[in-house]
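Structure at a glance
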Amino acid sequence: MPHLSLNTAVGPLTLFEEDDAIVALEWGRAPEGEETPLLTKARDQVLDYFDRKLTQWDLPLNPRGDAFQRAVWDAMCRIPFGSVRTYGEIARDLSSAARAVGGACGRNPIPIIIPCHRVIGANGRLTGYSGGAGLETKRALLFLEGYYADELPLH
């Protein structure tokens, strides 16, 4: 599978492409991969995001998941840069439960681009983040977007 690794403010990341779409973004470096035009575009957008030059992604995505997970990921993609929603708010929109939304967030195969870091707990609590250094990475991504998560309690 074509992939491309890059260094970012939250550590090394690797982007994966399949069938002309981004299918995964993982923390860490992968062995030398095949660079494609889409991976180059994705790398450039990720770097622009970390340089605060990009606030909206323009990439074809095809995350693997069931219908509910995909609905949650679609809802996350609609959260504007620098904004947050709670698990409960997304759950209400999907006629589901906050815990189920949290489970889908935790299975997000394309973090940062599908912005699961923009989903917070009730009462503004920072909860659950499976990437990088966990909640500190979530806080750093929100701070990068101008959302001052250092004022929010950790769960």
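Preceding block: the structure.
All values reported here derive from a predicted model rather than from experimental measurement.

Counting buried positions along strand E3 (residues 21-27) yields 5 of 7 residues, so the element is predominantly enclosed. Between strand E2 (residues 11-18) and the antiparallel strand that follows it, E3, lie 2 residues; Asp19 among them carries a positive phi value of about 50°.

Turning next to the environment of Ala97. Summarising the element assignment, Ala97 is placed in the loop between helix H3 (87-93) and helix H4 (98-106). For Ala97, a relative accessible area of 41% gives the class partly exposed. Remark: the alpha-carbon pair of Ala97 and Ala122, spanning 25 residues in sequence, is separated by 13 Å.

Before going further, it helps to examine helix H2 (residues 67-77). Of all the residues in H2, the buried ones are Gln69, Val72, Trp73, Ala75 and Met76. Down the axis of H2, the smallest arc covering the buried residues is 155°, so these residues share one side. The secondary structure elements touched by the buried residues of H2 are H3, H4 and strand E5 (119-120). The distance from a side-chain oxygen at the start of H2 to the backbone nitrogen of Phe68 is 3.1 Å, and the residue carrying that oxygen is Asp66.

Our focus in this paragraph is the pattern of salt bridges. Summed over all chains, the structure comprises 8 salt bridges. With its nearest N and O atoms 3.2 Å apart, the salt bridge here joins Arg43 to Asp44. Under the relative-accessibility criterion, Arg43 is labelled partly exposed at 22%. A salt bridge links Arg85 to Asp93, with the nearest nitrogen and oxygen atoms 2.7 Å apart. Overall, Arg85 belongs to the partly exposed group, its relative accessible area being 22%. Each of Glu35, Arg43 and Asp44 takes part in one network of salt bridges that share partners.

On to helix H5 (residues 135-144), then. Each α-helix turn comprises 3.6 residues. Residues three or four places apart therefore point the same way. The element H5 is largely enclosed, with a buried count of 7 among its 10 residues. Of all the positions in H5, only Leu135, Thr137, Lys138, Arg139, Leu141, Leu142 and Leu144 are classed as buried. Considering only its buried residues, H5 is in contact with E3, helix H1 (37-50), H3 and E5. Of the residues trailing H5, Gly146 is marked for its positive phi of about 90°.

Our focus in this paragraph is the packing of aromatic side chains. In the structure shown here, the tally under the stated rule is 4 aromatic pairs. Seen in terms of ring centroids, Tyr49 and Phe50 are 5.1 Å apart; in terms of plane orientation they differ by 85°. Their pairing is edge-to-face. Three or more aromatic residues joined by ring pairs form one cluster here, namely Tyr49, Phe50, Trp57 and Phe81.

Checked against the element boundaries, His3 lands in strand E1 (residues 3-8). In this structure the side chain of His3 is engaged in a polar contact, spanning 3.0 Å, whose partner is the backbone oxygen of Met1. Looking at His3, its side chain comes within polar contact range of the main-chain oxygen of Pro31, at 2.6 Å. When near neighbours in sequence (up to four residues on either side) are disregarded, His3 contacts Thr14, Leu15, Phe16, Ala30, Pro31, Glu32, Gly33, Glu34 and Leu39.

The rules we used
- Residues numbered from 1 in each chain as written.
- Predicted model: local features only at pLDDT ≥ 70, side-chain atom pairs only at ≥ 80, totals over all residues.
- Heavy atoms only, no water.
- Buried < 20%, exposed > 50% of the residue type's maximum accessible area, 1.4 Å probe, protein only.
- Helix = DSSP H or I, 4+ residues; strand = E, 2+ residues; numbered from the N terminus.
- Pairing = 2+ DSSP bridges.
- Arc of directions from axis to C-beta.
- Contact = heavy atoms within 4.5 Å.
- Polar contact = N/O pair within 3.5 Å; in protein donor to acceptor, adjacent residues only side chain to side chain.
- Salt bridge = Lys/Arg side-chain N within 4 Å of Asp/Glu carboxyl O.
- Phe/Tyr/Trp six-rings, centres within 6.5 Å; stacked < 30°, edge-to-face > 60°.

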